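Structural overview
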Amino acid sequence: MLKRIIYLFMIVAMPLLAFGDVTVNAQLKKGNEQYAKGQYKEAIATYQKIADDGHMSALVYFNLGNAYFKNNDVPSALLYYEKAHKLSPGDEDINFNIQFANQKTTDKVEAPTEFFITRWWHSFILRFSLTTLAVISVLLMITGFALLVVYRFTNSVGVKKASFYAALLIIFLGLGSMFTADRQQQYFDGHHGAIIFSNSVNVKSAPTPTAKNLFLIHDGTKVDVLDNNNGWMRVKLANGSEGWINASDAREI
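In every chain, residue numbers begin from 1 and rise along the written sequence. Totals for whole chains, interfaces and linings use every residue, but because this is a predicted model, local features are given only for residues with pLDDT of at least 70 and side-chain atom pairs only at 80 or more, for both listing and counting. Just so you know, side-chain values use all the structure's heavy atoms and leave hydrogens and water out.

**So, the environment of Tyr-35**
For Tyr-35, the position within the fold is in helix α1 (residues 2–36). When its relative accessible area of 25% is taken as the criterion, Tyr-35 is described as partly exposed. Tyr-35 sits 32 residues away from Ala-67 along the chain, and the two C-alpha atoms are 6.8 Å apart. A contact between two residues is defined here by any heavy atoms of the two lying within 4.5 Å. Sequence-distant contacts of Tyr-35, that is, excluding residues within four places in its chain, are made with Tyr-40, Ala-43, Tyr-47, Asn-66, Ala-67 and Lys-70. Secondary structure elements are taken from DSSP: a helix is a run of H or I of four residues or more, a strand is a run of E of two residues or more, and numbering for both begins at the N terminus. Summary of the burial criterion: residues with accessible area below 20% of their type's maximum are buried, those above 50% are exposed, and those between are partly exposed, where the area comes from a 1.4 Å probe applied to protein chains only.

Below you can see the structure in the form of structure tokens.
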């Protein structure tokens, strides 16, 4: 009975999934053609529709960021480059374009230099995307437990010994991959960012219009979101400066 249900599900679901991919690919191709012809506004509309339909893809976000950049909309470009970075943090093209677009922003916020071990650790956990780490984890765990099955049923002493130690090693690597994915997720949870979209924003000492102005930031600047309170957002810059801004002045990544 269970096998029949699974079979029926595959019959119903697979064509739908295939249709979805075909539709997205067709839209992506259309957007790429518009971009190649210099029709950046049309390309933005096409890529944006893919994103608005819930298709989260580093490629779509990256192309959307490129189209916005070519259309001289740096804050929107940075927003979608950062969205792409969250899905594919190790992608060199995405990271390069983030740095390049940041050169066009008014505020040049210098982050303090990280301790070398911290810098190495962040580089390590951000090397692969969560999807890649998930696939690696599943494949390693399946392979490891398959080797344990071999260990259980083989009569050869040599094969039994080799399969046992290989299984332990591969399962350990699988657990390590799962741990790395978990650390990466925690990293992005702890660095929930936003991009400033208003031309200039006074960062205040409290979530009220009459509070003291602390400093000024401009469109395109990235901030970490620490809190939300009745339409106000407590933000922190890379240099450690903190304060409150109106939530409508920024868009969360």
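Now that the structure has been shown, we can carry on.
**Section: a nonpolar patch on the surface**
By definition, no residue in a patch forms a salt bridge, and every one has over 30% relative accessible area; like charges are joined within 9 Å, nonpolar side chains (Val, Leu, Ile, Met, Phe, Trp, Tyr) within 5 Å. Surface exposure here means Shrake-Rupley accessible area, sampled with a 1.4 Å probe, where a residue is shielded only by the protein chains that are shown. Note on definitions: salt bridges are taken to be side-chain nitrogens of Lys or Arg within 4 Å of carboxyl oxygens of Asp or Glu. Together, Phe-115, Phe-116 and Ile-117 give the surface a local cluster of nonpolar side chains, amounting to about 340 Å² of exposed area. With respect to the secondary-structure elements, Phe-116 resides in helix α6 (residues 116–125). Under the relative-accessibility criterion, Phe-116 is labelled exposed at 52%.

**What to know about the confidence of the model for the chain**
The predictor attaches a confidence to each residue, called pLDDT, with possible values from 0 through 100. For the chain, per-residue confidence averages 89 on the pLDDT scale, and residues scoring 70 or more make up 92% of the total. Note on residues 1–19: pLDDT is under 50 here. Beyond four places in sequence and across chains, it has 2 contacts.

**Here we look at the packing of helix α4 (residues 74–87) against helix α5 (residues 92–102)**
Axis geometry follows a simple rule: fit a line to the C-alpha atoms, using only the stretch in contact for helices, then measure angles between N-to-C directions, giving values from 0 to 180 degrees. For the pair α4 and α5, the least separation of the axes is 9 Å and the interaxial angle reads 155 degrees. Comparing the axis directions of α4 and α5 gives the class roughly antiparallel. When you trace α4 past α5, the crossing you get is left-handed. Across the interface between the two elements, Val-74, Leu-78, Tyr-81, Glu-82, Ala-84 and His-85 from α4 touch Ile-94, Asn-95, Asn-97, Ile-98, Ala-101 and Asn-102 from α5. Oblique is the label for every angle not falling under 35 degrees (roughly parallel), over 145 degrees (roughly antiparallel), or within 65 to 115 degrees (roughly perpendicular). Less than a right angle of anticlockwise turn of the near helix away from the far helix marks a crossing as left-handed, whereas a clockwise turn marks it as right-handed.

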